[in-house]
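Secondary and tertiary structure notes
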Amino acid sequence: MLQTNYDYSPTTAMLSLDSEAVFSLKDGINFKKSPDDGKCYIIYKENGELKACKNQCKHQGGLFIKDIEDLDGRTVQCTKHYWKLNVSTMQYVNPPDSFTQDELDVVMTDEGGLQLVEVIVWDPWLADPQDPQELQEGEVTVTYLTHMIFDPWLTGPAFARGWWLLHEPPADSMERLCMADLIYISHMHSDHLSYPTLKSLSATRPDVPIYVGDTSRPEPLSKGSLMPFSCYLRQIDEHLRFMILKDEVHLELDTCIIVEYKGHMILNTVDCTRPNYGRLPHNVDLMMSDFAGGASGFPMTFSGGKYTESWKADFIKNERKKLMNYKAQLVKSLQPKIYCPFAGYFVEAHPSDRYIKETNTKNKAEELNALIKKSAPGITTWTPKPGAVLDLALALMSPSRKAITDPPSGTNIYKDSWDFDLYVDELNRAITAEIFKHKSWIQFYYIWAGFKNYNLVVRVIETDEDFIPIDNGYNYLVDFMDLSFPTQRPTREHPYEEIKNRIGVMRHVVKNGLLWDDLYIGFQNRLSREPDVYHHRFWNHFQTELPVTGPDWDLFLQQVPSYQRSAEPQGIQTESGSAYTLS
């Protein structure tokens with residue numbers, strides 16, 4: 001059963017079965033569908049006892065089906081990413097050691113029937129409701145600048161060098177940001193407002209508060225306010241209130257926001273997987289979300305086993321279709337007055353990532369809006385362009401083109417060039433760092449990382465741009481069972497992963513103690529695994545739970561014996577064009 005710190009409202013019956021239907025339940029897994037709303041549920045029966053849950057994967061909302069590999073009749077498999085749930089324990093078994101499924105209460109009736117009951121979390125945005133007041137033209141405007149990171153002068157990449165802006169930001173983006181009443185940071189990845197941007201904003205407008213959700217890895221801003229996930233809308237001034245909601249799946253990173261002005265609500269889910277446990281406000285004035293898909297290295301960066309090019313193409317095509325339908329259904333169910341898909345305008349623009357760009361196809365905002373208009377014609381949709389402005393008052397009065405001011409005719413909407421060398425050269429400076437002249441950096445780094453007591457052996461290989469191992473580059477094993485560094489794989493039974501990383505990005509991540517999102521989400525590695533199992537504990541640690549303070553490399557260099565300094569390799573040298581040779 002869902003447990004939170006919120007108050008509770010009365011329970012809600014999700015599904016009812018009469019006595020005959022209850023009698024017909026077989027031992028093991030029973031799939032049921034509500035005739036009222038079409039929603040699906042799973043009932044598990046064992047020794048006369050019943051357990052139940054929604055037929056909805058906790059990862060990205062996929063539908064469970066029978067797991068054909070399960071001989072005990074206790075496990076179901078998600079149709080989206082093949083996650084597996086043991087319904088008898090409500091624990092996910094693939095990935096292992098990850099999530100617990102929320103149970104529904106099974107309530108028996110006097111007539112021998114049953115009801116599946118959910119305790120509904122109280123909706124915090126209804127704590128102090130305000131009646132909408134009339135808005136005047138120009139009173140509330142929403143300006144779209146661009147999806148991802150930019151700084152005062154340059155449009156740089158996110159996730160090391162994997163994501164590049166698809167849209168050309170307006171030249172006056174910083175000036176427009178400086179007109180804000182508050183700044184909200186959706187999550188701690190590097191693909192939204194960058195730290196240099198925030199520092200510049202803070203210096204230009206010290207009076208503007210910057211709010212960050214109080215996650216486990218808050219943005220390091222001295223003037224930023226950590227906003228708790230509370231049960232109320234925080235008052236900014238007489239008319240403006242807002243609250244930050246967390247994501248159910250990525251609790252430590254992702255958040256979304258509700259902004260209310262004079263009783264008019266804007267819901268921005270950004271790219272949360274499952275914001276606020278799936279409970280969101282209905283009939284908001286404006287809803288904004290992601291749409292594209294493809295923000296992961298899976299499956300493009302995987303090889304071996306089933307990961308053929310045809311399998312990847314079919315998987316990606318099906319995933320994008322599922323995401324499109326899910327977003328359209330979500331918008332239809334929430335019934336916002338206006339909907340805007342805005343998070344997803346990125347491209348794998350670097351020439352070395354051409355394979356990813358061609359393989360990792362994405363949904364188009366225009367197609368999603370067309371699907372929404374077909375299923376819910378009463379909802380106004382907006383496909384944003386850089387610099388476009390939505391006047392909320394005009395849109396609510398009479399939804400039409402006059403409510404949206406697009407950039408002037410002839411404005412360059414899509415980028416056609418990027419300053420790759422500026423950013424890639426900066427990353428590659430880490431290659432020749434003093435620490436990498438000493439092999440003992442490996443042990444020092446992984447002890448700092450703090451992940452152990454897990455049966456997994458990983459081989460890490462430094463490669464060039466084309467993922468070809470570099471002669472005399474580092475190629476090492478880490479046994480996370482005891483955090484040892486063997487020269488050969490252990491003889492015991494163990495899962496195994498091989499990770500090939502581009503040397504510049506890997507060393508930049510290691511040197512600065514950064515999360516491995518730069519490698520995995522940034523498409524900067526290639527992976528194979530035996531067996532084909534996602535190790536949630538491992539990846540969750542290196543993507544979200546590394547120490548906030550980076551490794552003390554000064555201490556490391558002090559501890560390196562003098563004989564080791566002269567005996568070990570002198571490092572990797574780089575030349576323009578990213579050709580690597582060992583000196």
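Residues numbered from 1 in each chain as written. Predicted model: local features only at pLDDT ≥ 70, side-chain atom pairs only at ≥ 80, totals over all residues. Heavy atoms only, no water.

As annotated in an unreviewed UniProt entry, the protein carries the name Cytidine monophosphate-N-acetylneuraminic acid hydroxylase and is attributed to Oncorhynchus tshawytscha. Turning to the protein, the UniProt annotation filed under Catalytic activity (unreviewed entry) states: "CMP-N-acetyl-beta-neuraminate + 2 Fe(II)-[cytochrome b5] + O2 + 2 H(+) = CMP-N-glycoloyl-beta-neuraminate + 2 Fe(III)-[cytochrome b5] + H2O". (UniProt positions renumbered as here; feature names shortened; annotations may be inferred.)

**Remarks on the overall build of the protein**
The secondary structure content of the protein amounts to 14 helices and 31 strands. Each of the 583 residues in the protein was classed as buried or not, and the buried ones make up 54%. (Helix = DSSP H or I, 4+ residues; strand = E, 2+ residues; numbered from the N terminus. Buried < 20%, exposed > 50% of the residue type's maximum accessible area, 1.4 Å probe, protein only.)

**Looking at the nonpolar core**
Ranked by size, the top nonpolar core spans 53 residues in total, and within it Trp-441, Tyr-446, Trp-516 and Phe-538 carry the most contacts. Listing elements by their share of this core, those giving two or more residues are helix H4 (309-334), helix H9 (441-449), strand S26 (457-463), strand S27 (475-479), helix H10 (503-512), helix H11 (517-520), helix H12 (536-544) and helix H13 (553-559). The element that contributes the greatest number of residues to this core is H9, accounting for 6 residues. Beyond its immediate chain neighbours, meaning those up to four positions away, Trp-441 contacts Ile-435, Phe-436, Tyr-474, Tyr-476, Val-510, Trp-553 and Phe-556. In terms of nonpolar packing, the next biggest core, distinct from the first, is built from 48 residues, Met-265, Met-287, Ala-328 and Val-331 among them. (Core = buried A, V, L, I, M, F, W, Y, C linked by side-chain atoms within 4.5 Å. Contact = heavy atoms within 4.5 Å.)

**Let's talk about H10**
Burial runs high along H10: 8 of the 10 residues are buried. Those residues of H10 not exposed but buried are Ile-503, Gly-504, Val-505, Met-506, Arg-507, His-508, Val-509 and Val-510. Backbone geometry just downstream of H10 places Gly-513 in the positive-phi region, at approximately 65 degrees.

**Quick look at the packing of aromatic side chains**
Within this structure, the stated rule accounts for 46 aromatic pairs. With a centroid separation of 5.7 Å and 20 degrees between ring planes, the pair formed by Trp-83 and Phe-99 is classed as stacked. A residue pair is termed long-range when its members are at least 10 positions apart, and Trp-83 in the loop between strand S6 (75-78) and strand S7 (84-86) and Phe-99 in the loop between strand S8 (91-94) and strand S9 (103-108) qualify at 16 residues. The exposure classification of Trp-83 matches that of Phe-99, with both residues buried. The ring of Tyr-496 is capped by Arg-489, whose NZ or CZ atom sits 3.8 Å from the centre of that ring. (Phe/Tyr/Trp six-rings, centres within 6.5 Å; stacked < 30°, edge-to-face > 60°. Lys NZ or Arg CZ within 6 Å of the ring centre and 35° of its normal.)

**Re the sheet that holds strand S28 (residues 496-502)**
Strands sit in the order S27-S26-S28-S29 across an open sheet of 4 strands; the sheet is mixed. Edge positions in the sheet fall to S27 and strand S29 (525-530), since each of these pairs with one other strand and no more. Adjacent strand axes in the sheet meet at a mean angle of 15 degrees when their direction is disregarded. Where H12 meets the sheet, it contacts S26, S28 and S29, and its direction lies at approximately 30 degrees from that of S28. (Pairing = 2+ DSSP bridges. Axes fitted to C-alpha atoms, helices over the stretch in contact; angles between N-to-C directions.)

**Side note on the pattern of salt bridges**
Under the defined criterion, the tally for this structure stands at 26 salt bridges. Residues Arg-74 and Asp-72 are paired through a salt bridge, measuring 4.0 Å at the closest nitrogen-oxygen approach. Its relative accessible area of 28% is what places Arg-74 among the partly exposed residues. Asp-353 serves as the salt-bridge partner of Arg-502, at 2.8 Å between the closest nitrogen and oxygen. Taken together, the residues Arg-502 in strand S28 and Asp-353 in the loop between strand S22 (346-347) and helix H5 (354-359) connect sequence positions 149 residues apart. With respect to class, Arg-502 is no different from Asp-353; both count as buried. Each of Glu-46, Asp-72 and Arg-74 takes part in a single network of salt bridges with overlapping partners. (Salt bridge = Lys/Arg side-chain N within 4 Å of Asp/Glu carboxyl O.)

**Here we look at the side chain of Glu-497**
On the secondary structure map, Glu-497 appears in strand S28. Not counting chain neighbours up to four residues away, the residues in contact with Glu-497 comprise Leu-456, Val-457, Val-458, Arg-459, Leu-527, Ser-528, Arg-529, Val-533, His-535 and Trp-539.

**Considering the sheet that holds strand S11 (residues 141-143)**
With antiparallel pairing, the 3 strands of this open sheet are ordered in space as S11-S24-S25. Of all strands in the sheet, those bounded by a partner on one side alone are S11 and strand S25 (404-405). Bridge count between strand S24 (residues 389-391) and S25: 2 bridges; the pairing is antiparallel. If you follow Val-389 over to S25, its bridge partner there is Thr-405.

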